[in-house]
Each structure stands twice: as C-alpha cells, then as structure tokens.
Amino acid sequence: MTVAVAALTVSACAGTKPRQKLAYEERPVELLYNTGYQRLQSKRWTDAVDYFQEVERQHPYSEWSRRAILMQVYAYYQNNNYQDAIAAADRFIALFPGNPSAAYAFYMRAICNFEQIVDVGRDQAYAEAALAGLRDVVRRYPNTPYATDARVKIDMVNDQLAGKEMTVGRFYQRANQPLAALNRYKTVINNEAFQRSSHAPEALYRLVEVNLALGLTEEATRNAAVLGFNYPGSPWYAEAYALLTERGQRPDVQPEAKRESWLQRLIPGGA
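Residues numbered from 1 in each chain as written. Predicted model: local features only at pLDDT ≥ 70, side-chain atom pairs only at ≥ 80, totals over all residues. Heavy atoms only, no water.

### Some details on the overall build of the chain
Link 1 in the chain: A tally of regular secondary structure across the chain gives 13 helices and two strands.
Link 2 in the chain: Classification of the 271 residues of the chain by burial places 44% in the buried group.
Link 3 in the chain: Put simply, 48% of the contacts in the chain that link residues at least 6 apart link residues at least 24 apart.
Link 4 in the chain: As displayed, the chain offers around 14900 Å² of accessible surface, 52% of which is attributable to carbon and sulfur atoms. (Helix = DSSP H or I, 4+ residues; strand = E, 2+ residues; numbered from the N terminus. Buried < 20%, exposed > 50% of the residue type's maximum accessible area, 1.4 Å probe, protein only. Contact = heavy atoms within 4.5 Å. Areas by Shrake-Rupley, 256 points an atom, 1.4 Å probe, with all protein chains shown as cover.)

Written out as structure tokens, the structure reads:
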C-alpha cells in the first residue's frame, strides 16, 4: 500500500467559491479515518465527509468502513444536509441491519425528517415521514435512549398533524362549508393520537359551534359535555358553555375558566 500525505485537487463551478477536494490515493485506513475525525472536531463537515467517503471506498466491508458511514450521517446532519444524511443512514441500514449501531441510523433518519417539518399551513410530508421513522425506532429499539426521545417527538409530530387538520377545518368553516369542517374536527377527536394533542379542546368547541350553526343542538350539547368533562378549565369550554346557554341550554358542568376576548384568542396573552 502506498503511504502518502492526503493529496488535494481544486474543483470550482461558475459563480461558486473553489473548494479543495480529496484526490484518490491509497492511504492507511487509520490515517483517513483519524483525519476525518479531526475535521469533525473542527466542524469542517464537508471535508470530514470526503475523508470518511475515502475510508468507505478504499476499505469497503471493513469495521472502519462501517464506522465511516455513521460519521458521514453525523457530518451531513451537522451541515444541515438532511437528504444526504438520510441516504447515508439508509446505506448503513441496508449493509448492517443487525448491527447495534443501526439504532442510531434509524434514529437519525427520523430526526432528519423531523427537523424539516414546516408550519401547519404547508404540506406535511416531512411530518408524516418523521412520524413513521420515530415509530419505527420505538418498535425496533424500545429500551434505548433513542426510543425515549422518539416517544417525546412522536407527541410533538402528532400535535403538528392535528394542527394541520384544525387549520383546514377552520378554512372550511370560514368558507361556509360546515360539513367539510366537521370532518376535519372529527378527525382530531376520533384519532387516538390527536386526542392527546393541544388542539383537542378547540376541536370539540368547533364541533359545538358548527353543529349549532347547522341546527344540530343535541349533537352540539353532546360535544360540549365531552369538552366539559375532559377540559372543564379550558377557555374553549367556557365559550361552548356560553354558546349553549345563549340558546336556552344548560350544560351540567360549570366552566372553571372565563371566556377569552376575541383579542386574546387571536393574540395569546393579549388584553
């Protein structure tokens, strides 16, 4: 094997700053790996990937190669290069599915999707992918720290997805499409995971509101009873209670909270 100091070539594209890239030269695996690790410590993420890729290319199927793939996952992730991090994690899983370190690969694949979740007004493809990945981590590695963190993030993703349903439901309600709105609010209430979200009290209130608008007083009263039983201290129940009493109904449970002003609903903490 030829031992040499790492050679570098310069590549550049129009309009971009030239970057030194690692040229192919046979080198001891320890030199390649340790240099890549030093680049990680210096937060030179792209340079670190170059060295770990050389480990994988020059010494495939070795223990060093296995470690190098995981290091690539980490370096890509730290550089916010999520798609390449996911691709490296997938490669590790395909090559070493039974290795204990596969737990890290599965976890990082889920986290890369989790960190790309956008606001509820946009497509939730990343949220769906993150939820599937996090559930996979919990199922495969239930007694690991990865699973512990995944369970917390699963609740966060479910809250996000429930928020998306609420956003669409409110849109339909404002557009005078009450049946479409009801279906969205019912999704939040009927989905066991969404029931634990922060949006459940409002979803029940919106069901009261829409059912009253449709003249379905009995159904509205039933939704208010569920809201009052589960969330007696929620301002949303105070609103539902007021709506029903204004129509001559008298729910059994007295609200523990006061009605919020419209400004408070629009701006939490407002006057």
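### Side note on the packing of helix α3 (residues 63-78) against helix α4 (residues 82-95)
Link 1 in the chain: The geometry of α3 relative to α4 is characterised by a closest axis approach of 8 Å and an angle of 160° between their N-to-C directions. As judged from the angle between their axes, α3 and α4 are roughly antiparallel. Crossing angle aside, the handedness with which α3 passes α4 is left-handed. Together, Arg 66, Ile 69, Leu 70, Gln 72, Val 73, Tyr 76 and Tyr 77 of α3 and Tyr 82, Asp 84, Ala 85, Ala 88, Ala 89, Arg 91, Phe 92 and Leu 95 of α4 make up the contact between the two elements.
Link 2 in the chain: For the contact of α3 with α4, the class distribution of residues is eleven nonpolar, one polar and three charged. (Axes fitted to C-alpha atoms, helices over the stretch in contact; angles between N-to-C directions. Parallel < 35°, antiparallel > 145°, perpendicular 65-115°, else oblique. Left-handed = near helix turned anticlockwise from the far one by under 90°. Nonpolar A, V, L, I, M, F, W, Y, C, P; charged D, E, K, R; others polar.)

### Some remarks on the pattern of salt bridges
Link 1 in the chain: Within this structure, the stated rule accounts for 16 salt bridges.
Link 2 in the chain: Between Arg 67 and Glu 63 there is a salt bridge, with its nearest N and O atoms 3.6 Å apart. Placement of the pair is Arg 67 and Glu 63 together in helix α3, with a separation of four residues, close to one helical turn.
Link 3 in the chain: With a relative accessible area of 35%, Arg 67 lands in the partly exposed category.
Link 4 in the chain: Relative accessible area serves as the criterion here: at 39%, Glu 63 is assigned to the partly exposed category. (Salt bridge = Lys/Arg side-chain N within 4 Å of Asp/Glu carboxyl O.)

### Brief notes about the packing of aromatic side chains
Link 1 in the chain: One pass over the structure, following the stated rule, counts eleven aromatic pairs.
Link 2 in the chain: Taking 5.1 Å as the distance between ring centres and 35° as the angle between the ring planes, the aromatic pair formed by Tyr 107 and Tyr 146 counts as tilted. Pair noted here: Tyr 107 is in helix α5 (residues 102-114) and Tyr 146 is in helix α7 (residues 145-174), with a separation of 39 residues, a long-range link.
Link 3 in the chain: Tyr 107 sits in the buried class, given a relative accessible area of 14%.
Link 4 in the chain: Using a relative accessible area of 27% as the deciding quantity, one classes Tyr 146 as partly exposed.
Link 5 in the chain: The rings of Tyr 33, Phe 52 and Trp 64 are connected pair by pair, giving a single aromatic cluster.
Link 6 in the chain: It is Arg 67 that lies over the ring of Trp 64; its NZ or CZ is 5.3 Å from the centre. (Phe/Tyr/Trp six-rings, centres within 6.5 Å; stacked < 30°, edge-to-face > 60°. Lys NZ or Arg CZ within 6 Å of the ring centre and 35° of its normal.)

### Remarks on the nonpolar core
Link 1 in the chain: The biggest cluster of nonpolar side chains holds 74 residues, and the ones touching the most others in it are Leu 40, Phe 52, Tyr 77, Phe 92, Leu 134, Val 157 and Val 208.
Link 2 in the chain: Sort the elements by how many residues they give to this core and α5 lands first, with eleven residues.
Link 3 in the chain: Leu 134 has contacts with Ala 110, Phe 114, Ala 150, Lys 153, Ile 154 and Val 157, leaving out every residue within four places of it along the chain. (Core = buried A, V, L, I, M, F, W, Y, C linked by side-chain atoms within 4.5 Å.)

### Here's the deal with unusual backbone geometry
Link 1 in the chain: Its identity as a non-glycine residue notwithstanding, Lys 43 has a phi of 60°, on the positive side.
Link 2 in the chain: With respect to the helices and strands, the residue Lys 43 is situated in the loop between α1 (29-41) and α2 (45-58).
Link 3 in the chain: Of note in this structure, Asn 80 is not a glycine but carries a positive phi near 60°.
Link 4 in the chain: Assignment of secondary structure puts Asn 80 in the loop between α3 and α4.
Link 5 in the chain: The exposure class of Asn 80 is exposed, given its relative accessible area of 53%.

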